[in-house]
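Residues per chain are reported as follows:
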Amino acid sequence: SEKTADEGELDRRAAADAAESPGDGDGLFPIVGIGGIFTAKDALEFLLAGATAIQGGTANFSDPCAALRVRDGIRGYCAATGTDAAQLIGRARR
């Protein structure tokens, strides 16, 4: 089942907290955004919070093309804002 808005917010806050932990930016460990990723907006929120990668899972059961839609949505956002995905990582924290 889909996560509630509150559960998704907790996941994104956890990613942001992990991104701010000691070792941030030194490349020692990746932060993977997992949980509640059904749309490009969900994925972008994880990236902006500091996740270096994202994983979609449950959405694929209800929409086998979910991963492609998320990817295309991220590409569209990057094209519209003149950025690339790597530039988005942690941007909400800066």
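Coordinates for the structure precede this section.
Residues numbered from 1 in each chain as written. Predicted model: local features only at pLDDT ≥ 70, side-chain atom pairs only at ≥ 80, totals over all residues. Heavy atoms only, no water.

Participant: Can you explain the overall build of the protein chain? Please cite residues and give values.
Facilitator: From N to C terminus, the protein chain includes five helices and two strands. From first element to last, N terminus to C terminus, the protein chain shows the α and β order α-β-α-β-α-α-α. (Helix = DSSP H or I, 4+ residues; strand = E, 2+ residues; numbered from the N terminus.)

Participant: For the side chain of T83, give the residues involved together with the corresponding values.
Facilitator: Relative to the helices and strands, T83 is located in the loop between α4 (66–81) and α5 (85–88). A polar side-chain atom of T83 sits 2.9 Å from a polar atom in the side chain of T81. Setting aside anything within four residues of it in sequence, one finds T83 in contact with C78, L88 and R91. (Polar contact = N/O pair within 3.5 Å; in protein donor to acceptor, adjacent residues only side chain to side chain. Contact = heavy atoms within 4.5 Å.)

Participant: Run through the nonpolar core, naming residues and quoting values.
Facilitator: The biggest cluster of nonpolar side chains holds twelve residues, and these are I31, I37, A40, A43, L44, F46, L47, A51, V70, I74, C78 and L88. Elements supplying a minimum of two residues to this core: α2 (40–49) and α4. (Core = buried A, V, L, I, M, F, W, Y, C linked by side-chain atoms within 4.5 Å. Buried < 20%, exposed > 50% of the residue type's maximum accessible area, 1.4 Å probe, protein only.)

Participant: Give me the side chain of D42: which residues, what numbers.
Facilitator: As for its placement among the helices and strands, D42 is situated in helix α2. For D42, the side chain forms a polar contact with the main-chain nitrogen of T39, separated by 3.1 Å.

Participant: Mind laying out the pattern of salt bridges, listing which residues take part and the relevant values?
Facilitator: Any two side chains of opposite charge can pair, on the condition that their charged atoms come close. This model, assessed by the stated rule, comprises three salt bridges. Between R69 and D63 there is a salt bridge; the shortest N-O distance is 2.8 Å. Salt-bridge contacts for D72 lead to R71; the nearest nitrogen and oxygen are separated by 3.0 Å. The exposure class assigned to D72 is partly exposed, which follows from its relative accessible area of 40%. Relative accessible area serves as the criterion here: at 37%, R71 is assigned to the partly exposed category. (Salt bridge = Lys/Arg side-chain N within 4 Å of Asp/Glu carboxyl O.)

Participant: I'd like to hear about the packing of α2 against α4, residue by residue, with values.
Facilitator: As a packed pair, α2 and α4 sit with axes 8 Å apart at the nearest point and diverge in direction by 65°. Relative to α4, α2 is oriented so that their crossing is right-handed. Every residue of α4 that contacts α2 at A40, A43, L44 and L47 is listed here: V70, G73, I74 and Y77. (Axes fitted to C-alpha atoms, helices over the stretch in contact; angles between N-to-C directions. Left-handed = near helix turned anticlockwise from the far one by under 90°.)

Participant: Describe α2, listing the residues and the values that go with them.
Facilitator: Counting buried residues in α2 gives seven out of ten residues, a clear majority hidden from the surface. Regarding α2, the residues found buried are A40, D42, A43, L44, F46, L47 and A49. Downstream of α2 by a residue or two, G50 has a phi angle that is positive, lying close to 125°.

So, to be careful, I would describe these as geometric facts and stop short of saying anything about function.
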